[in-house]
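If you want the building blocks of each chain, they are given just below.
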Amino acid sequence: MKVAIIHYWLVNIRGGEKVIEALLEMFPNADIFTHVYDPKKTGCLVKHRNVFTSQINKLPFAKKLYQLYMPLMPNALMDFDLQKYDIVISSESGPAKGVVANPNAYHICYCHSPMRYLWDMYHEYFKGAKTLVRHFMKQLIPNLRLWDVMSSNLVDCFIANSSYVAKRIKRYYNRDAVVIHPPVNIEKFLNVERKPSDYYLFFGQLAGYKRADIAIEACIKSGRKLIVAGGGAKKKDVKKYSKTGLITFTGRISDDEIFSLYTGAKALLFPGIEDFGIIPVEANAAGCPVIAYSEGGALDSIKEGITGIFFNEQTSESLIDAMDYFEKQANLNNREDYNNHVKQFSKATFMEQMWAVIKQKKELN
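Notes on the structure follow.

Reading the values: rules and limits
Residues numbered from 1 in each chain as written. Predicted model: local features only at pLDDT ≥ 70, side-chain atom pairs only at ≥ 80, totals over all residues. Heavy atoms only, no water. Axes fitted to C-alpha atoms, helices over the stretch in contact; angles between N-to-C directions. Helix = DSSP H or I, 4+ residues; strand = E, 2+ residues; numbered from the N terminus. Parallel < 35°, antiparallel > 145°, perpendicular 65-115°, else oblique. Contact = heavy atoms within 4.5 Å. Nonpolar A, V, L, I, M, F, W, Y, C, P; charged D, E, K, R; others polar. Phe/Tyr/Trp six-rings, centres within 6.5 Å; stacked < 30°, edge-to-face > 60°. Buried < 20%, exposed > 50% of the residue type's maximum accessible area, 1.4 Å probe, protein only. Lys NZ or Arg CZ within 6 Å of the ring centre and 35° of its normal. Expected span 1.5 Å × (residues − 1). Pairing = 2+ DSSP bridges. Disulfide = S-S within 2.5 Å. Core = buried A, V, L, I, M, F, W, Y, C linked by side-chain atoms within 4.5 Å. Right-handed = clockwise from strand over helix to strand, strands pointing away.

The subject of this paragraph is the packing of helix α11 (residues 278-285) against helix α14 (residues 335-342). Contact geometry for α11 and α14: axes closest at 8 Å, N-to-C directions at 140 degrees. As judged from the angle between their axes, α11 and α14 are oblique. Residues Val281, Asn284 and Ala285 of α11 touch α14, and the partners they reach there are Arg335, Tyr338, Asn339, His341 and Val342. Residue classes in the contact of α11 with α14 are distributed as 4 nonpolar, 3 polar and 1 charged.

Attention now goes to the packing of aromatic side chains. The full count for this structure, using the stated rule, is 15 aromatic pairs. Judged by centre distance (4.9 Å) and plane angle (50 degrees), the ring pair of Trp9 and Tyr66 falls under tilted. Note that Trp9 is positioned in the loop between β1 (3-7) and α1 (15-26) and Tyr66 in the loop between α3 (62-65) and α4 (73-76), a separation of 57 residues in sequence. Ring geometry for Phe27 and Trp355: centres 5.0 Å apart, planes at 55 degrees, overall tilted. Highlighted residues: Phe27 in the loop between α1 and β2 (31-34) and Trp355 in helix α15 (residues 347-364), separated in sequence by 328 residues. Residue Phe27 is classed as buried on the basis of its relative accessible area of 6%. When the ring centre of Trp119 is taken as origin, the NZ or CZ atom of Arg145, which lies over that ring, is 5.5 Å away.

Okay, helix α13 (residues 316-328) next. A rise of 1.5 Å per residue sets the reference length of α13, with its 13 residues, at 18 Å; its end C-alpha atoms lie 18 Å apart and thus fit the reference within 8%. The elements touched by buried residues of α13 are β8 (199-203), α8 (212-222), β11 (265-270), β12 (290-293) and β13 (308-311).

What follows concerns α11. The element α11 is largely enclosed, with a buried count of 7 among its 8 residues. When we look at burial in α11, the residues that qualify are Ile279, Pro280, Val281, Glu282, Ala283, Asn284 and Ala285. In the core, the buried residues of α11 are packed alongside β8, α10 (255-264), β11, β12, α12 (298-301) and α14. Taken from the residues just after α11, Gly287 is the one with a positive phi, measuring 80 degrees.

What follows concerns the sheet that holds β12. Picture the strands of a sheet paired through backbone hydrogen bonds; they go either parallel or antiparallel. Read across the sheet, 6 strands follow the order β10-β9-β8-β11-β12-β13 without closing on themselves; strand pairing throughout is parallel. Each edge of the open sheet carries a strand with a single partner, namely β10 (247-251) and β13. Strand-to-strand, the axes of this sheet are offset by a mean angle of 25 degrees, without reference to chain direction. Taken together, the 2 bridges between β8 and β11 define a ladder with parallel strand orientation. Directly across from Leu201, in β11, lies its bridge partner Leu268. α8 rests against β8, β9 (225-229), β10 and β11 of the sheet, and its axis sits at about 160 degrees to β9.

All right, on to the state of the cysteines then. Counted under the stated rule, the structure contains 0 disulfides. No disulfide involves Cys157; its nearest neighbouring cysteine sulfur is the one of Cys109, lying 9.2 Å away. The exposure class assigned to Cys157 is buried, which follows from its relative accessible area of 4%.

Counting 43 residues, the largest nonpolar core has Ile6, Trp9, Leu82, Val88 and Leu118 as the members making the most contacts within it. At the level of elements, β1, α4, β5 (106-111), α6 (131-151), β6 (157-160) and α7 (163-173) are the ones that each hand at least two residues to this core. Looking at which element gives the most residues to this core, the answer is α7, with 5 residues. With 29 residues, the next largest nonpolar core counts Phe189, Cys288, Ile302 and Phe310 among its residues.

We now examine the pairing of β2. Both faces of the sheet carry side chains from a regular strand, because those side chains alternate between them. Going residue by residue along β2, you find Asp31 and Phe33 tucked away on one face and Ile32 and Thr34 tucked away on the opposite face as well. The pairing of β1 with β2 spans 4 bridges and is classified as parallel. In the sheet register, Ile5 faces β2, and the bridge partner there is Ile32. Chirality of the crossover, the property in question, places the unit of β1, α1 and β2 among those that are right-handed. As defined by bridge partners, β2 adjoins strand β3 (residues 51-53) across 3 bridges and the pair is classed as parallel. Among the inter-strand pairings, Phe33 is bridged to a residue of β3, identified as Phe52.

Here is the structure:
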């Protein structure tokens, strides 16, 4: 079989790129198509592969400003000639699924998320954008939404990375989706020895929707220590909250440092809504409990009462109640339970489930 893999852009290595890595392991001769490719940051991922880019890659500062060119990407997908491929796998959370495959080919879309800025998070992105960007958003988003829905008809089979994303695919595209969780490198955390200390942990890029503010506010109000790990913290917030003596900001951290933080944290606080959320799985693989808001991909990645607990309102008060319960009543110390739970998120499980869907769907086609 000749296989083409379409990924929205290759400019860093995060969760979506880990899916590409696993797919390339499954299909070592697959060709890759993407809007923007930065070999300095992702060359190791696609080493010795054929990588084809759209016209977006030639635009000024595309490797840094690629998201500003997003309105041009649907048309740019027409640059890709996929007529010789038997299987097309589009990796979607930016424009990727709108490619035109051979009529006899089978097009699978692995959807990390319907584009957030078009749908459920439109208002949050709009509020955070500059005046000029907001102007263009109002002009462009309606047509992009129409394209996004219409291009879903080019897909033979949708695969969602979580039940939460599957529901959104159904709402926006009126299509059913198979749920296959993305691969997580759980093996590197399974042998971490837990030595819980006196702090809670928030880990991740400090984007607004991750709601680090709830974790910070809850810990300050309740007199608990919190380590906030990850890039994106504003200097004024670091200065303001560090004065309390309760909140510590680490900035970006190394793999060794995150091992240490998972080892010592009482629990990981996860107050945002994620499409899936790899970090809670990593924490659980290290034997670290998770206290999460009961919405989004966390409902798939955390087993309540076994590897974590949920709080039901996205407020600091609700999180404080959950931490009180966790400290007084929750008994989440069985490492074997953690290890058994996270096996479903391994690369081997991902590949096995993907093969099963590809085989079944291709035979039906």
